[in-house]
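Notes for the structure review
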Amino acid sequence: MTGRAEKSEGYVARTRPVVPPIYQSATFYLDDLAYKDIQQNGGLTEHWYSRFANPTVDAAAAEIALLEGAEAAMMTSSGMAAIATTLVTLLQSGRRIVAARQVYGDTRDLLVRDLPALGFDVAVVDSADLDAWAEAITPGTAIVYAETLSNPQLELTNLPVLADLAHKAGAKLVVDNTFATPYTVNPLRLGADIVVHSATKFLSGHSDVIAGVVVSDRETVTEIQRRMITFGGCLDPHAAFLVWRGLQTFDVRLERSSATALKLAQRLQDHPGVESVRYPGLAGYEGPADVLKPGRSGAMVAFTVRGGNDRALKVMRRLTIASEATSLGGVETLVSTPFNSSHFSLSPQELAAARIDEGMLRFSCGLEDAEDLISDVERALDETSAG
């Protein structure tokens with residue numbers, strides 16, 4: 001009788017496929033090399049069980065490592081899985097993490113609620129206050145954490161300065177590059193040690209998958225992989241394929257959506273119903289603009305309407321092209337009000353301290369016609385009252 005291993009060999013294409021196959025298999029046949037890897041390396045390099053590693057997942061990770069100019073990358077089941085697994089891996093008892101106040105809402109909950117409950121020392125500082133960073137980053141610091149471009153304030157972090165402060169204290173700089181993306185900034189080239197992403201967003205680009213990624217040198221990624229295996233935050237192969245597919249159009253998508261974002265930000269500056277616009281590509285933008293790649297400012301725009309949150313909601317619900325939804329980075333333009341979505345857990349005082357204004361709208365520009373989108377926003381502003 002023919003064995004199962006012999007039968008399965010007939011299902012493998014003789015020539016190499018153009019796109020990576022989806023290895024929708026929990027387990028793989030064991031052989032001497034697999035056993036050797038299990039015994040010597042903990043099974044981290046051979047494919048034998050998909051919680052440890054999977055060929056489709058590895059293909060997506062390799063693409064992102066190239067985009068970030070890194071030695072290695074590792075996919076996770078979500079952006080928060082990437083962040084939490086990385087921080088818990090690097091934190092040591094008795095050492096602290098110094099983090100920016102201006103971060104994604106769930107990251108903030110991890111920093112101020114969960115990590116302290118586990119006994120870790122967490123200090124939170126204003127991302128723009130370099131003196132506060134310098135004071136907080138002591139020799140007992142293990143991690144310095146920030147977002148390249150903060151969610152939703154769109155404030156650029158001075159990564160070279162933070163990297164210098166972190167390294168002098170013997171700490172590692174971990175940067176969430178989700179908003180900026182490697183199209184706009186490569187944090188590793190500016191001194192960061194580890195980059196994390198919600199690959200759900202611009203990397204996959206189609207609002208149809210939840211995924212995360214950790215990018216760094218191979219030794220660091222391997223150490224974080226060990227915790228990912230233990231905690232179980234691995235990425236499903238089919239989800240990994242969707243990320244890989246989206247990455248094939250990454251530069252094309254970001255070029256178009258970033259051009260639209262710049263046009264939208266420029267037009268909104270002159271609208272009487274808009275109090276302020278935040279976009280790194282605008283003249284007069286406050287922040288270390290030299291962190292950005294030349295001519296690239298990203299696809300996110302934040303602006304504050306006159307009339308506070310009530311009017312912001314009215315404006316958002318008058319839109320016909322942009323979709324009222326959380327998340328970002330898709331081919332469709334998405335808009336949200338941070339106070340009741342991404343940062344719902346913050347009190348009014350905490351929102352103010354994080355510079356999340358009343359009436360702020362967060363736009364993730366998609367691939368629609370730029371003039372159509374801008375006209376839609378202007379019409380919604382014109383049809384609502386600030387009173």
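That block above? That's the structure.
Residues numbered from 1 in each chain as written. Predicted model: local features only at pLDDT ≥ 70, side-chain atom pairs only at ≥ 80, totals over all residues. Heavy atoms only, no water.

**Considerations on the side chain of Arg278**
Looking at where Arg278 falls in the secondary structure, it is placed in strand E8 (residues 274-278). A polar atom in the side chain of Arg278 sits 3.0 Å from the backbone oxygen of Arg355. Polar side-chain contacts of Arg278 include one of 2.9 Å to the side chain of Asp357. Not counting residues within four places of it along the chain, the set of residues in contact with Arg278 comprises Gln153, Leu154, Glu155, Val301, Ala302, Arg355, Asp357 and Met360. (Helix = DSSP H or I, 4+ residues; strand = E, 2+ residues; numbered from the N terminus. Polar contact = N/O pair within 3.5 Å; in protein donor to acceptor, adjacent residues only side chain to side chain. Contact = heavy atoms within 4.5 Å.)

**Topic: the sheet that holds E8**
What the five strands build is an open sheet, ordered E8-E9-E12-E11-E10; its pairing is mixed. Only two strands of the sheet have a single neighbouring strand rather than two, namely E8 and strand E10 (323-324). Where E8 meets strand E9 (residues 300-305), four bridges bridge the pair, whose relative direction is antiparallel. Each bridged residue has a counterpart across the sheet, and for Val277 the counterpart in E9 is Phe303. (Pairing = 2+ DSSP bridges.)

**A look at the pattern of salt bridges**
All told, the structure shown has 18 salt bridges when counted by the stated rule. Residues Lys168 and Asp164 are paired through a salt bridge, measuring 3.1 Å at the closest nitrogen-oxygen approach. Residue Lys168 and its partner Asp164 are both found in helix H7 (residues 159-168); the two are separated by four residues, about one turn of the helix. Taking relative accessible area as the criterion, Lys168 reaches 67% and is therefore assigned exposed. Under the relative-accessibility criterion, Asp164 is labelled partly exposed at 39%. Its salt-bridge partner being Arg227, residue Glu223 comes within 2.9 Å of it at the nearest N-O pair. Pair noted here: Glu223 and Arg227 are both in helix H9 (residues 218-231), with a separation of four residues, about one helical turn. Relative accessible area serves as the criterion here: at 34%, Glu223 is assigned to the partly exposed category. (Salt bridge = Lys/Arg side-chain N within 4 Å of Asp/Glu carboxyl O. Buried < 20%, exposed > 50% of the residue type's maximum accessible area, 1.4 Å probe, protein only.)

**Here we look at the sheet that holds strand E2 (residues 96-100)**
With mixed pairing, the seven strands of this open sheet are ordered in space as E1-E7-E6-E5-E4-E2-E3. Looking along the sheet, the strands with just one partner apiece sit at the ends: strand E1 (72-76) and strand E3 (121-125). The sheet shows a mean angle of 20° between the axes of neighbouring strands, direction not considered. Bridging between E2 and strand E4 (residues 141-147) involves four bridges; their strand directions are parallel. When the bridges of E4 are listed, Val98 appears paired with Val144. Sitting on the sheet, H7 is in contact with E4 and strand E5 (172-176), with an inclination near 150° to E5. Here H9 sits on the sheet in contact with E1, strand E6 (194-198) and strand E7 (212-216), set at roughly 20° to E1. (Axes fitted to C-alpha atoms, helices over the stretch in contact; angles between N-to-C directions.)

**Observations regarding unusual backbone geometry**
Leave glycine aside and you will find that most residues have negative phi; peptide bonds, for their part, are mostly trans. Backbone torsion omega between Asn151 and Pro152 reads 5°, so that peptide bond is classified as cis. Structurally, the position occupied by Pro152 is in the loop between E4 and H7. Its identity as a non-glycine residue notwithstanding, Thr181 has a phi of 70°, on the positive side. Locating Thr181 in the fold gives a position in helix H8 (residues 181-184).

**With respect to H7**
Of the positions making up H7, those classed as buried are Leu159, Leu162, Ala163 and Ala166. Projected down its long axis, H7 carries its buried residues within an arc of 100°, all on one side. Contacts made by the buried residues of H7 are with helix H6 (130-136), E4 and E5. Just downstream of H7, Gly170 is the residue with a positive phi angle, here 80°. (Arc of directions from axis to C-beta.)

**Structural notes on the packing of helix H4 (residues 79-90) against helix H5 (residues 105-117)**
Angle between the axes and distance between the axes are the two parameters that describe a pair of packed helices. The interhelical angle for the contact between H4 and H5, taken along N-to-C directions, is 35°, at an axis separation of 10 Å. Along this stretch, H4 crosses H5, giving a crossing that reads as right-handed. Seen from H4, the contacting residues are Met80, Ile83, Ala84, Leu87 and Val88; seen from H5, they are Asp106, Thr107, Leu110, Leu111 and Leu115. Tallied by class, the residues present in the contact of H4 with H5 amount to eight nonpolar, one polar and one charged. (Left-handed = near helix turned anticlockwise from the far one by under 90°. Nonpolar A, V, L, I, M, F, W, Y, C, P; charged D, E, K, R; others polar.)

**Quick look at the nonpolar core**
The nonpolar side chains of a soluble globular protein tend to be buried, and buried together. Core analysis: the biggest nonpolar cluster contains 93 residues, and Met75, Leu87, Trp133, Ile143, Tyr145 and Val243 have the highest contact counts within it. A total of seven residues in this core trace back to one element, the largest contributor, which is helix H10 (residues 237-247). Contacts of Trp133, omitting those with residues within four sequence positions, involve Val98, Ala99, Ala100, Val125, Asp126, Ser127, Val144, Tyr145, Ala146, Leu162 and Leu165. Core analysis: the next-biggest nonpolar cluster, separate from the first, contains 26 residues, Val277, Met316, Ala322 and Ala380 among them. (Core = buried A, V, L, I, M, F, W, Y, C linked by side-chain atoms within 4.5 Å.)

**Here we look at the environment of Gln269**
Of note, Gln269 is situated in helix H11 (residues 250-269). Residue classification places Gln269 among the partly exposed residues on the basis of a relative accessible area of 44%. When the C-alpha atoms of Gln269 and Asp251 are compared, they prove to be 27 Å apart, with 18 residues separating the residues in sequence. Excluding residues within four positions of it along the chain, Gln269 makes contact with Val277 and Leu282.

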